[in-house]
Structure formats: C-alpha cells, structure tokens
Amino acid sequence: MFYRRLGKSGLQVSALSFGSWVTFGDQIGNSVAEACMQKAYEAGINFFDNAESYAGGRSEEIMGSILDKFAWPRDTYVLSSKVFWGGKKPNQEGLSRKHVIEACHAALKRLRVEYLDLYFCHRPDPNTPIEETVRAMDTLVQQGKILYWGTSEWSAAEIMEAYAIARECYLTPPTMEQPQYNMLVRRKVEEEFKRLYESIGLGTTIWSPLASGFLTGKYNQGIPDGSRLSMPAYDFLVKRFERMRERGVIEVLDTIQSIACKLGTTMPQLAIAWCLKNRNVSTVILGASHLEQLEENLKSLDAVESLDDEIMGEIDIALSRFVELES
Ligand code: NDP
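Thresholds, definitions, all that
- Residues numbered from 1 in each chain as written.
- Predicted model: local features only at pLDDT ≥ 70, side-chain atom pairs only at ≥ 80, totals over all residues.
- Heavy atoms only, no water.
- Pairing = 2+ DSSP bridges.
- Helix = DSSP H or I, 4+ residues; strand = E, 2+ residues; numbered from the N terminus.
- Contact = heavy atoms within 4.5 Å.
- Axes fitted to C-alpha atoms, helices over the stretch in contact; angles between N-to-C directions.
- Core = buried A, V, L, I, M, F, W, Y, C linked by side-chain atoms within 4.5 Å.
- Buried < 20%, exposed > 50% of the residue type's maximum accessible area, 1.4 Å probe, protein only.
- Polar contact = N/O pair within 3.5 Å; in protein donor to acceptor, adjacent residues only side chain to side chain.
- Phe/Tyr/Trp six-rings, centres within 6.5 Å; stacked < 30°, edge-to-face > 60°.
- Lys NZ or Arg CZ within 6 Å of the ring centre and 35° of its normal.
- Expected span 1.5 Å × (residues − 1).
- Right-handed = clockwise from strand over helix to strand, strands pointing away.

Topic: the sheet that holds strand β5 (residues 78-83)
Strand pairs in the sheet, formed through backbone hydrogen bonds, run parallel or antiparallel to each other. Spatially, the eight strands close up into a barrel ordered β3-β4-β5-β6-β7-β8-β9-β10, and their pairing is parallel. As paired elements, strand β8 (residues 176-177) and strand β9 (residues 203-206) share two bridges and run parallel to each other. Bridge pairing in β9 links M176 to G203. Across the sheet, helix α4 (residues 130-142) touches β5, β6 (116-121) and β7 (146-151), and the angle it forms with β7 is around 160°.

Encoded structure:
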C-alpha cells in the first residue's frame, strides 16, 4: 500500500480505501463485512467510509461492531460518516445546524467511536445557507467530534463559497470533496475542480471507481444474479447503464478489456489503477460484496506502474468515444 496526503492537509490516507454503500447491512452478511474489513486493514487500507444513510444506519452499526471487535488502535485508521439523509421528517434531512450536529452524535454512537476523522456533507442543501453548515461543522471541529470536514457531490462554486465563508469568519474550511470518479465519469474531477487542488488544497476521496461494476464488464451480456444491478432498489443503475449502452459504452468497455488483457491484468484492476494515476485523487474508495473481489481489486496497486504514457493515451482514445452522462 502507499499513502497520499488528503489534499494539502497533513492527514495520510491509503491510496485504496474501503466503503460500505449497498453492501453492509443490506447485500452482504456481517461475516463477509468483517472478513473484508480485516483483509483491507491487513493490506494497509487505513480509511473506512460510511454514511448515516447507508442501510438506514445499519451500515454504521455493523462497521462499529467490527471496529469494536478488532480493537485496532484508533490512531491507525481514518473513519468517516456523511450527513444529509437521516430520515423523512423535517430536520432529519439536509444540512441545517440541527441535523448536522444531531447526525454526528448518532453516527458516533453507531460507529462506537469518540470522534470521526472525516465528516462529509453528502449533498448540497438548497434549503440551508452554506454559512449555517460551515458554522455547524466548525462547532463539531472545536468540540473534537470531527477532525476534518468536507463535501460530496458539491459544485466547485459551492465548495469555494464554503471556503470563502470559513476564511472570512475564521472558521474551519472544508478539506476534501467526495466525487464520483472513474473512466466513465471524469468531468468534475478533471475539469471543474482543477483550480481547487492548488488554490485551496482540496483533497478527493473518490467513489465508484468501477462505476458500480460497469467497469468490470459483468453487465455487458445482461445482469448476473446477485449483482448490484439485480437488486430492486438499484433499478436506477440499470437505467443508467441502458443510457450508457445507447451511447456505445459496450464498445468502449470491450476496448478497455483488451487493454487489460494486453497488460496481463484484469479489467477492474486496470480501472482502479487508472484512477490512481490521477495525482489529484487522494484515495480511491473500493466497494466489494465478496472477499475475492476485494482481494482482486487490491492487486490494482501492482498495475499502476504498467500504465505508462502510451497506455494512458490508448485508454484516453478509447474513452473519448464515450460522451459522459450529465449526472
Ligand atoms: P465500485 O464502483 O467499485 O463498485 C463496487 C461493486 O462492484 C461491488 O460491490 C461489486 O458489486 C462490484 N465489484 C467490485 N469488484 C469487483 C470485481 N473485482 N469483479 C466483479 N465485480 C466487482 O464502488 P462503489 O459504488 O461500491 O463505491 C465505493 C464506495 O464509495 C462506497 O462503498 C461508499 O463508501 C462510497 N460512495 C460514496 C457516494 C457518495 O455519494 N459520496 C456514492 C457511492 C459510493 P456486486 O458484486 O454487487 O456486483
């Protein structure tokens, strides 16, 4: 494993990290979750990602019980949660001061820790002034309940607004953003945020490096039983893949597959290594529903070196044939 700074902060995060969306508390049993966490930690992964909304809080409870059982020294791992979707009632959702503070308390309880290393605003909230959220995050930092705060799927303009408010009012500015980034979704990380890496030292903890599995090639011939797209709640991903198919994604995936074969690696390993080639990516968050997937994906570290300029150019040409979806 190798480690990168989270943007310009002093925090070191493992190049690969591990998250629990879809899987913990829903798709997989607790023993698989435990085996994956153990494997990840033993491989040098030090960042574990979670959110209040994952499996309605069960994902955090399961991760909390695993952390409790393994009792790894608290200074050897970085733990996150995200606030936004806490429930359906007023004030259980969004980024008001009330929900930000209460959701943090609830996450600490479920994860069984005294503080979160990273705390994300899971989406922008049009119903709360950004200043209110910045002030709430700063309160949590001052109280020692969170160490760094950041955003997820915010625009560059929204992040800059939060940063400017924090600087103007002597509050803690956001450190990191959690955007989707993979071979099929590039625009935000590569273009929109370009100036923020230098100007404010933004770190990125990128999600869905395999585009929910599209970049494994497993959906090219249909939807395998037990896969993410076979789960009724993720029908929106089936529709997304259909829209991509209409834009010729299968041809692109076939080319990526053949490049992986040429390099003697697998398609998921190539797709993950490709994300790591971007120096503005602080960490790539992996997801896995089977231990074997995690084991395979960890080997993407070995593939990074083989991605020289020529191969990256070949990949770029293949990807340029695909027009990215808007969202
Ligand atoms: P990926 O795009 O890597 O998808 C992971 C899924 O792909 C697995 O659960 C598995 O699904 C399949 N898969 C993984 N490896 C392989 C393999 N080697 N061969 C075949 N299939 C494989 O990442 P996620 O979408 O899971 O996102 C990773 C993390 O990012 C999340 O856990 C979460 O922490 C974070 N995230 C954050 C979001 C945000 O809004 N901030 C949004 C989404 C994710 P299956 O076996 O079911 O087919």
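Now that the structure is up, let's keep going.
Brief notes about the nonpolar core
Soluble globular proteins tend to bury their nonpolar side chains together. In terms of nonpolar packing, the biggest core is built from 104 residues, with F18, F48, Y119 and I315 touching the most fellow members. A per-element tally of this core places helix α10 (residues 267-276) first, with eight residues. By size, the runner-up hydrophobic cluster in this structure holds nine residues, among which are L6, L11, V13 and I285.

Points about the side chain of S289
Here S289 lies in the loop between β10 (283-286) and α11 (291-298). There is a polar contact of 3.0 Å between the side chain of S289 and the side chain of H290. Those residues in contact with S289 that lie beyond four places of it in its chain are T23, Q27, I28 and V32.

Notes on the packing of aromatic side chains
Tallied over the entire structure, the rule returns twelve aromatic pairs. Pairing F214 with F241 gives two aromatic rings, centres 4.6 Å apart and planes at 45°, and the pair type is tilted. Of this pair, F214 sits in the loop between β9 and α8 (235-246) while F241 sits in helix α8, and the two are 27 residues apart along the sequence. Summarising the burial analysis for this pair, F214 and F241 share the class buried. Stacked on the ring of Y115, the Lys or Arg R74 has its end atom at 4.1 Å from the ring centre.

Things to note about helix α3 (residues 97-111)
For α3, which comprises 15 residues, the first-to-last C-alpha distance of 21 Å matches the rise-based estimate of 21 Å (1.5 Å per residue) to within 8%. If you check which residues of α3 are buried, you get H99, V100, I101, A103, C104, A107, L108, R110 and L111. Turning to α3, the residues buried within the fold contact α2 (58-70), β5, β6, α4 and β7. Just downstream of α3 lies R112, where phi reads positive at about 60°.

A word on the pairing of β6
Within a regular strand, the side chains alternate between the two sheet faces. When you tally the buried positions in β6, you get six out of six residues, the bulk of the element. On the question of chirality, the crossover connecting β5 to the parallel β6 by way of α3 is right-handed. Pairing of β6 with β7 involves five bridges; the strand directions are parallel. Pairing of L116 across the sheet is with I146, part of β7. Each parallel crossover has a hand, and for β6 linked through α4 to β7 it is right-handed.

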